[in-house]
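# Geometric and topological summary
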Amino acid sequence: MSEMVALLFFPGGLFLLASGLAYEWADRKLVARLQNRIGPRWFQPLADAVKLLAKEEVIPNGVNRFLFVGLPVVALAGALTAAVYVPIGGLNPISSFPGDLIVALYMLSLLTLCTGLAGSNTTDPFSLIGATRTLTQLFSYEVPFLLALLGPALAAGSWQIVQINDFAQNHWMMLFTQPIGFVVALIGLMGKLELPPFNAPEAETEIVAGALTEYSGRGLALFHFGRNVELVVGLTMVAAFYLGGIASPLEFFGKTMFLLLGLSFVQSLMTRLRIDQTVGLWWRYGALLVLAQWLLLILSGGVV
Amino acid sequence: MAATGEKFIIPIGPQHPALKEPGHFEFVVDGEIVTAASVRLGYVHRGIEKAVESRNWIQNLYLLERICGICSHTHAMAYCLGVEKLAGVTAPPRAAAIRSLIAELERIHSHLLWLGVAAHEAGFDTLFMYSWRDRETVMDILEELTGNRVNYSANLLGGVKFNINSEQRDSIRRGLDFLEKRSRYYLDVVTSDFVFLQRTQGIGVTTLEQAERLGLVGPTARASNVARDIRIDAPYAGYGDFPVNIVLGTAGDLEARFVVRIKELFECYRLILQILDALPPGDLQARVPRRIAAGETISRVEAPRGELFYFIKSNGTDTPERIKVRTPTMCNLASVVALAVGHQLADIPMILIGVDPCFSCNDRAVIVEKGNDRDCWTWERVRQYGIEYYRRKQ
C-alpha cells in the first residue's frame, strides 16, 4: 500500500508532476527577469497544462495513429520511471538496486527518443527536420552526459544512485575534483531538455515547433509534463552527484534551485547554436574533456 | 525523409514565426543545406497606389504615411518633397531641418527594432528584449514631439506641423545620451560575443560586385562597401545644411550589417544634436496651392532600409494622376534568394532579416506579361481580371 502511495502520489506521480510545473515556472520566471521581462504568474504552467489537456487532439493525416497517441505516454512514463531511482525531495528513492544509474539514464533518454519518433511519424517538413535535429542532438550529448555522470560513480565505486549520493555527502570536493564533469553534466542536461542555446531542434524562427509541430492537446501536454519531470530528475541527479549529495528536502530545494539559476543564466546569455555547432561542441570539447578527466580519475584511483 | 530525387521543401510563410508579416519563401533543402530558393510576394497588397488617385493632395499625405508602419515619416516626406517640387515651393529651412530631425529619430527607432528582430532570429532573445526596451526611449521622444508613436504626421505640404521648444530639446538630449551609451554596449556585444559571432561572421556574404549587380540599397548595400546613401548623393530636406558621414562596412556578411546599422545610430545621434544646436529660425510652412501644376517628378529619400523612390504625376487638378512607390525592400529581397543557396537552413531567417524586409510597404501589383507591351491596366480591366480570377478558383 505504502509503495502504491509512493509511486502514485508522493514522492512519485502527482508530486513529481506538480514539482515539474513549479520548476518550469521558476525557470521561465528567472529567464524572464534576466531578460528584463515580467515573466509568467506562478500558475501559468498549470493553466497551460489544463488548457492543453482539455483541448481537442488533432491527429493529422498520414500518421500511424497508434504511435501518434502512444509516444507521448511512453515519453512521460519514461521520465516518471527514471524518478523512481532518484532521491527526489531528499527522500530515499522508491526503489534501488545496484546499477540503477544506467537504467535511470536510459529512461531519461526515452523522452528525446519519443520526441524524435513523434516528429518522423508525421509528414510535416518542419517536424521531419525537427526530428532529424532532435536525434542528431541526442547522439551528440548523450555520450558526454553519460560519461559525466559516471565520473562520481567511478569515484564512489558504485553504480547505485543511493550509494553515490551517500558518498557525495561525505566528499564535498567532488565539484572541485571533477569540475569538467559537473559542467558537462549541467550543459548536457540543457541539451537533453532542448533549452536555449541547444534549442536548434525546436528553433521557432526556422522550423516552428520542430518535431512536435503537429502535436496539440493531450499529446503536447504529456510531452510538456515529461520534459518538466525530466528537468526535476536531471537537476536532482546533478545536485546529488556533484553538489555534495541530497540528504534533506531543504538541501534538495536549495541545491536544485541553485543549479536552475545557473541554467537560466546560460539560457539568457547565449545565442542559439546551429545543429552542426552543437554536434561540434559536444564531440570536439565535451566528450574529449570528460574522457581526459576519466583518465585522470583512473590514474589517481590506481595510485590511491 | 523524402525519397531521393524528390524535392524536400521547407515553406517559410505566408504564416511563420520567423516572419512578422506575410510573405512566402520556399527553400529546397538537402539535409540542412539549402539548394534552391524562391519568393512569392503580394499577400498584403492594399491597393494604396490606386487609392491615392481618388483622394486629393492633402488627404494622400495621411494615406501614404501608412504605407509603412516603421518608416512612416520617410514616406510622407518623400511625397511632400515631390509635390513641393511640382508646385515650385520650397519648405522653409526650419521645417526642412525638423523633417531631417524626425527622419533621424525614426532611423534610430527602426535600426533598434531591426537589431531586436535580428537577434531574435538568431535565438538571442536577451538582446531582443534589451534593444526593444531601449527603443522605447526614442518612441517616447517621438511621442513627445509629435503626439504619436508610429505615424507621426509631422509633415504638411510645404512644411511641418509642429515646432521644437527648449523643453523638448532637453528631453531629446537626455534620451540620446542614454541611447548612445546603450548603442556602444550593443556594438560591443555584436562584435565580441563569441557565440553570436559564430552565427553572423562570414554568413550571407555579399561581395561588392554582387551588391552592385543585385542593386542593393541602404545599410544592406553599405555593409558590402557600396557607397550609396541618398542623404549624401542627392541631399534633400535639411541634409544639405547638416551633412551626413557615410558608414561603410567591408565584409558584407551579417556581422557587417549589424555593425553598419549600429554605427549609423551614432551618426544619427550626432546629426540630431547638431540640428538641435543650430536649428534655423523662421516659419514652419510655405503656402502650397490646392491644385498642383501639371507635370511629373521623382523624389528620392533615404529610408532606414535604403532608397525610397516616389514617382508623382499631376494633371493640374487637386488629385494626383499617378503615384508610384518603390520601397527599398523590393530592391533588397532578390539578395535573399541569391544568397540563401548553399547556406544552412538555420542561417536562412538571419539572412532574410539581414536585409530588414518590410513586406506590407513592398507589396503592390506586379504584372508581368510576356509578349504584350501593354503595362498599364485600366480600372475596368483590373476589376474584370479580379472577377475572372476568383471565378476560376471556384
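Keep in mind it's a predicted model, so treat the numbers as computed, not measured. Residue positions are counted from 1 within each chain, in the order its sequence is given. Labels are handed out in written order, letters beginning with A for the chains and numbers beginning with 1 for the ligands. Totals for whole chains, interfaces and linings use every residue, but because this is a predicted model, local features are given only for residues with pLDDT of at least 70 and side-chain atom pairs only at 80 or more, for both listing and counting. Values shown for side chains rest on all heavy atoms present in the structure; no hydrogens or waters enter the calculation.

## Some details on the overall build of chain A
This is how it is decided: A run of DSSP states H or I qualifies as a helix once it reaches four residues; a run of E qualifies as a strand once it reaches two. Both are numbered from the N-terminal end. In this description the radius of gyration comes from C-alpha coordinates, and the expected globular size is given by 2.2 Å times residues to the power 0.38. Buried, partly exposed and exposed residues are distinguished by accessible area as a fraction of the type maximum, computed with a 1.4 Å probe on protein chains only: under 20%, between the cut-offs, and over 50%, respectively. Contact between two residues is taken to exist if any of their heavy atoms lie within 4.5 Å; hydrogens are not considered. To measure how exposed things are, a 1.4 Å probe is used in the Shrake-Rupley method; for residues, cover is taken only from the protein chains shown. Only four residue types enter the charge count: Lys and Arg as positive, Asp and Glu as negative, with His and the chain ends excluded. Charged side chains are reduced to one point each, which is NZ for Lys, CZ for Arg, CG for Asp and CD for Glu.
In terms of helices and strands, chain A carries 13 helices and zero strands. Helices and strands in chain A line up, N terminus first, as α-α-α-α-α-α-α-α-α-α-α-α-α. For chain A, the C-alpha radius of gyration of 19 Å lies close to 19 Å, the compact-globule estimate for 304 residues. Here chain A holds 304 residues, and 55% of them are scored as buried. Within chain A, residue pairs in contact and separated by at least 24 positions form 77% of the contacts whose partners lie at least 6 positions apart. Total accessible area computed for chain A in this model is approximately 12600 Å², and 72% of it derives from carbon and sulfur atoms. When the 16 positive and 18 negative side-chain charges of chain A are each reduced to one mean point, those points stand 7 Å apart.

## Let's talk about the sheet that holds strand β1 (residues 9–12) of chain B
All names here are of chain B. Note the following rule: For two strands to pair, DSSP has to find at least two bridges joining them. Between N-to-C directions, angles span 0 to 180 degrees; the directions come from axes that are lines fitted to C-alpha atoms, helices contributing only their stretch in contact.
If you trace the three strands from one edge of the open sheet to the other, you get β1-β2-β3, paired in antiparallel fashion. Only two strands of the sheet have a single partner each, and these edge strands are β1 and β3 (33–40). Taking the axes of each pair of neighbouring strands and ignoring which way they run, one obtains an average angle of 20° across the sheet. In the sheet, β1 pairs with strand β2 (residues 24–30) via four bridges, with the strands oriented antiparallel.

## Brief notes about the interface of chain B and chain A
Basically, it comes down to this: By definition, the buried area sums, over both parts, the 1.4 Å-probe accessible area that each loses when the two are put together. Salt bridges are counted wherever a side-chain nitrogen of Lys or Arg sits within 4 Å of a carboxyl oxygen of Asp or Glu. Throughout this description, a polar contact denotes any pair of N or O atoms lying within 3.5 Å of each other; where both atoms belong to protein, one of them has to be capable of donating a hydrogen while the other can accept it, and for residues adjacent in sequence the pair is counted only when both atoms sit in side chains.
If you look at the interface, chain B gives 33 residues, while chain A gives 25 residues. When chain B packs against chain A, the two sides together hide about 2500 Å² of surface, and 58% of this comes from carbon and sulfur. Summed over the shared surface of chain B and chain A, the number is two salt bridges. Viewed at the interface, chain A and chain B are joined by 12 residue pairs in polar contact (both at pLDDT 80 or more). Of all elements in the fold, only β1, α4 (93–121), α5 (125–146) and α7 (194–200) of chain B reach the threshold of two or more residues within the side of chain B that touches chain A.

## What to know about the pattern of salt bridges
All names here are of chain B. Scanning all chains against the criterion turns up 33 salt bridges over all chains. Close ionic contact of R133 with D134 constitutes a salt bridge, the shortest N to O distance being 3.2 Å. The class for R133 is partly exposed, based on a relative accessible area of 31%. A salt bridge links R199 to D347, with the shortest nitrogen-to-oxygen separation between them at 4.0 Å. One end of the pair, R199, is in helix α7; the other, D347, is in the loop between α12 (328–340) and α13 (348–354), and 148 residues separate them in sequence.

## Things to note about the packing of helix α2 (residues 13–34) of chain A against helix α4 (residues 65–84) of chain A
Residues and elements named next belong to chain A. We apply this condition: Roughly parallel here means an angle under 35 degrees, roughly antiparallel means over 145, roughly perpendicular means 65 to 115, and every remaining angle is called oblique. Gly is placed with the polar residues, together with every amino acid not listed as nonpolar (Ala, Val, Leu, Ile, Met, Phe, Trp, Tyr, Cys and Pro) or charged (Asp, Glu, Lys and Arg).
Close contact between α2 and α4 brings their axes to 11 Å; oriented N to C, the two are set at 105°. Classified by the angle between their axes, α2 and α4 sit roughly perpendicular to one another. Contacts from G13, L16 and L17 of α2 reach α4 at L76, L80 and A83. Partitioning the contact of α2 with α4 into residue classes produces five nonpolar, one polar and no charged.

## Describing the packing of aromatic side chains
Note the cut-off: Pairing of aromatic side chains here covers Phe, Tyr and the six-membered ring of Trp, requires ring centres within 6.5 Å, and sorts the geometry by plane angle: under 30 degrees stacked, over 60 edge-to-face, intermediate tilted. Charges are assigned to positions over rings by a cutoff of 6 Å between ring centre and Lys NZ or Arg CZ, combined with an angular limit of 35 degrees from the ring normal.
Scanning all chains against the criterion turns up 18 aromatic pairs over all chains. Aromatic side chains Y23 of chain A and F252 of chain A sit 6.5 Å apart centroid to centroid with 55° between the ring planes, which places their arrangement in the tilted category. Separated by 229 residues along the polypeptide, Y23 of chain A in helix α2 and F252 of chain A in helix α12 (residues 249–269) bring together distant segments of the chain. Given the relative accessible area of 7%, F252 of chain A is considered buried. Ring geometry for F25 of chain B versus F27 of chain B: centroids 6.2 Å apart, planes at 5°, classification stacked. A relative accessible area of 0% means that F27 of chain B is categorised as buried. Aromatic ring contacts, followed pair by pair, group W114, F124, F196 and F258 of chain B into a single cluster. We note R135 of chain B situated over the ring of W132 of chain B; from NZ or CZ to the ring centre the distance is 5.2 Å. The cationic tip of R261 of chain B hangs over the ring face of W114 of chain B; the distance from NZ or CZ to the ring centre is 4.2 Å.

## Digging into a nonpolar patch on the surface
All names here are of chain A. For clarity, the threshold we go by: Any residue with relative accessible area above 30% and no salt bridge may belong to a patch, with like charges joined within 9 Å and the nonpolar Val, Leu, Ile, Met, Phe, Trp and Tyr side chains within 5 Å.
Together, M1, M4, V5, L7, L8, F9, F10, L14 and L91 make up an exposed nonpolar region whose accessible area comes to about 900 Å². A per-element tally of the nonpolar patch places helix α1 (residues 2–8) first, with four residues. Of note, L7 is situated in helix α1. Judged by its relative accessible area of 41%, L7 falls in the partly exposed class.

## Here's the deal with the confidence of the model for chain B
Filter applied, for reference: Each residue gets a pLDDT score, which is the predictor's confidence in that residue and runs from 0 to 100.
Looking at chain B, the pLDDT average stands at 86 and 94% of residues meet or exceed 70. The ipTM for the predicted assembly is 0.83, set against a pTM of 0.85.

## A look at unusual backbone geometry
Residue P197 of chain A follows P196 of chain A across a cis peptide bond; omega there is 0°. Turning to its location among the elements, P197 of chain A is positioned in the loop between α9 (179–192) and α10 (204–207). The backbone of S153 of chain B sits at a positive phi, close to 50°, despite the residue not being glycine. Looking at where S153 of chain B falls in the secondary structure, it is placed in the loop between α5 and β4 (155–156). A residue is classified by how much of its surface remains accessible, and S153 of chain B, at 12% relative accessible area, is buried. For A237 of chain B, which is not glycine, the phi torsion reads 45° and is therefore positive. Looking at the secondary structure, you find A237 of chain B in the loop between α10 (230–233) and α11 (254–277).

## A few points about α2 of chain A
All names here are of chain A. Note the following rule: Here, expected helix span is obtained from the residue count minus one, scaled by 1.5 Å.
With 22 residues, α2 should reach 32 Å at 1.5 Å per residue; the first-to-last C-alpha distance of 32 Å fits that figure. Of the surrounding secondary structure, the elements contacted by the buried residues of α2 are α1, α3 (44–54), α4, α11 (217–242) and α12. Following α2 by one or two positions, N36 adopts a phi angle in the positive range, close to 65°.

## A short note on the nonpolar core
Applicable threshold: Side-chain atoms within 4.5 Å link the members of a nonpolar core, which is a set of buried Ala, Val, Leu, Ile, Met, Phe, Trp, Tyr and Cys residues.
Counting residues in each nonpolar core, the largest one holds 86 residues, and the members touching the most others are Y79, I108, L145 and Y310 of chain B. Residues within four places of I108 of chain B in sequence aside, it is in contact with V138, L176, L179, L265, C268, Y269 and I272 of chain B. Residues L108, A185, L186 and M237 of chain A belong to the second largest nonpolar core, which totals 64 residues.

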